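Spelled out from the first residue to the last, the chains are:
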Amino acid sequence: MADMLESYLGFDTYFLILGIMGGMLLLVIFLLIMTINTRKKLKKLIRNYTDFMRGKDAESMEEAILKKFAEVDNLEEKDRQKQQKIEDLYEKLKGAYQKMGIVKYDAFHEMGGKLSFSIAILDEENNGYVMNSMHSQEGCYTYIKEIIKGKSFITLGEEEKQALEQAIQCRTIPIE
């Protein structure tokens with residue numbers, strides 16, 4: 001039978017067997033190299049994992065995580081304190097004068113300029129004052145009128161009404 005195969009193929013079957021064995025030997029060497037390379041990479045991965053789990057300077061991973069949680073808790077407390085301070089400031093701002101309107105005019109039509117003025121200064125709830133300063137050749141006269149909720153209990157002059165309306169229409173910073 002070996003002779004029939006030899007005559008059919010045209011060469012000695014021992015060469016065929018040697019070729020197959022040589023190819024298998026090359027395949028085994030290639031697989032051995034791949035196995036060694038894979039083991040080296042696995043060893044490096046295990047070493048990195050061990051270092052990661054051990055932490056730096058023998059500090060355990062659990063200690064590092066607990067330390068970070070403590071830092072986060074500290075930051076949250078500081079944030080709450082700052083938020084409370086901001087809310088306190090906004091509450092104080094409600095009473096601060098934050099809206100203004102001013103109208104300049106010539107009170108006595110003799111000075112040649114608009115030296116008289118009415119100024120309204122209000123807080124967020126439109127409480128405050130309207131001040132009227134009239135300048136003439138004889139002197140300066142200043143009046144102040146209290147404003148409560150945007151209204152005056154004393155009659156306002158035209159310029160004072162205009163200044164008050166300007167102040168009421170001023171926009172304030174919204175308090176959140």
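Placed above this text is the structure.
Residues numbered from 1 in each chain as written. Predicted model: local features only at pLDDT ≥ 70, side-chain atom pairs only at ≥ 80, totals over all residues. Heavy atoms only, no water.

1. Some words on the nonpolar core
The following threshold applies: By convention a nonpolar core is built from buried Ala, Val, Leu, Ile, Met, Phe, Trp, Tyr and Cys residues, the set being connected through side-chain atoms within 4.5 Å. Throughout, exposure labels follow a simple rule: accessible area from a 1.4 Å probe, protein chains only, divided by the maximum for the residue type, with under 20% read as buried, over 50% as exposed, and the rest as partly exposed. A run of H or I in DSSP counts as a helix once it spans at least four residues, and a run of E counts as a strand once it spans at least two, with each numbered from the N terminus. Whether two residues are in contact is decided by their heavy atoms, any of which lying within 4.5 Å being enough.
Counting 9 residues, the largest nonpolar core is built from Val103, Ala120, Leu122, Val130, Ile147, Leu156, Ala163, Leu164 and Ala167. Here this core gets 3 residues from one element, more than from any other, and that element is helix α4 (residues 158-169). If near-sequence neighbours (up to four positions away) are discounted, Val130 is found in contact with Ile119, Ala120, Tyr143, Ile144, Lys145, Ile147, Glu160 and Leu164.

2. Things to note about the side chain of Asn132
Selection criterion: Between N or O atoms, a polar contact is any pair within 3.5 Å; within protein, one atom must be a potential hydrogen donor and the other a potential acceptor, and residues adjacent in sequence are included only when both atoms are from side chains.
Along the polypeptide, Asn132 turns up in strand β3 (residues 128-135). The class of Asn132 is buried, set by a relative accessible area of 8%. Of the polar contacts made by the side chain of Asn132, one reaches the side chain of Tyr105; its length is 2.6 Å. Residues in contact with Asn132, not counting those within four places in the same chain, are Tyr105, Phe117, Ser118, Tyr141, Thr142, Tyr143 and Glu160.

3. Examining a nonpolar patch on the surface
We count it as follows: Each patch is built from residues lacking any salt bridge and having more than 30% relative accessible area; the joining distance is 9 Å for like charges and 5 Å for nonpolar side chains (Val, Leu, Ile, Met, Phe, Trp, Tyr). The method behind every accessible area is Shrake-Rupley, applied with a 1.4 Å probe, and residues are considered shielded solely by the protein chains displayed. A pairing counts as a salt bridge when a side-chain nitrogen of Lys or Arg comes within 4 Å of a carboxyl oxygen of Asp or Glu.
Taken together, the side chains of Tyr97, Met100, Ile121, Tyr129, Met131 and Ile144 define a hydrophobic patch exposed on the protein surface, amounting to about 560 Å² of accessible area. Relative to the helices and strands, Tyr97 is located in the loop between α3 (61-93) and β1 (99-105).

4. Section: the pattern of salt bridges
With the rule as written, the count across this model stands at 4 salt bridges. Residue Arg80 is joined to Glu77 by a salt bridge in which the shortest nitrogen-to-oxygen separation is 3.1 Å. With Arg80 and Glu77 both in helix α3 and 3 residues apart, this pair spans about one turn of that helix. The partner of Lys145 in a salt bridge is Glu160, and the shortest N-O contact between them spans 2.9 Å.

5. Observations regarding the pairing of β3
Definition in use: In this description, strands pair whenever DSSP reports at least two bridges between them.
Here 6 bridges tie strand β2 (residues 116-122) to β3, and the two strands are oriented antiparallel to one another. When the sheet's bridge partners are listed, Ala120 is paired in β3 with Val130. Two elements, β3 and strand β4 (residues 140-147), share 8 bridges in a ladder whose sense is antiparallel. Looking at the pairing, Ser133 lines up with Thr142 of β4. Linkage of β3 to β4, two consecutive antiparallel strands, is achieved through a turn of 4 residues, within which Gly139 is found at a positive phi near 160°.

6. Digging into a positive patch on the surface
Formally: Only four residue types enter the tally: Lys and Arg on the positive side, Asp and Glu on the negative side; His and the chain ends are excluded. Charge placement uses NZ in Lys and CZ in Arg. For Asp and Glu, CG and CD serve respectively.
Residues Arg39, Lys43, Lys44 and Arg47 make up a contiguous surface patch of positive charge. Residue position: Arg39 is located in helix α2 (residues 13-54).

7. What about the packing of aromatic side chains?
Our working rule: Here a Phe, Tyr or Trp ring, Trp counted by its six-membered ring, pairs with any other such ring whose centre lies within 6.5 Å, and the pair is stacked when the planes are under 30 degrees apart, edge-to-face when over 60, and tilted otherwise.
Going through the model one piece at a time under the given rule, you end up with 1 aromatic pair. Where Tyr97 meets Tyr129, the ring centres are 6.3 Å apart and the plane angle is 70°; that geometry is what we call edge-to-face. Of this pair, Tyr97 sits in the loop between α3 and β1 while Tyr129 sits in strand β3, and the two are 32 residues apart along the sequence.

8. Remarks on the side chain of Glu160
Turning to its location among the elements, Glu160 is positioned in helix α4. There is a polar contact of 2.9 Å between the side chain of Glu160 and the side chain of Lys145.

9. Thoughts on the sheet that holds β3
Filter applied, for reference: An axis is simply a line fitted to the C-alpha atoms; with a helix, the fit covers only the stretch in contact. Between two such axes, the angle follows the N-to-C directions and lies from 0 to 180 degrees.
If you trace the 4 strands from one edge of the open sheet to the other, you get β1-β2-β3-β4, paired in antiparallel fashion. Across the chains shown, the open sheet's two edge strands, defined by having one partner strand only, are β1 and β4. Along the sheet, successive strands turn relative to each other by an average axial angle of 10°, direction set aside.

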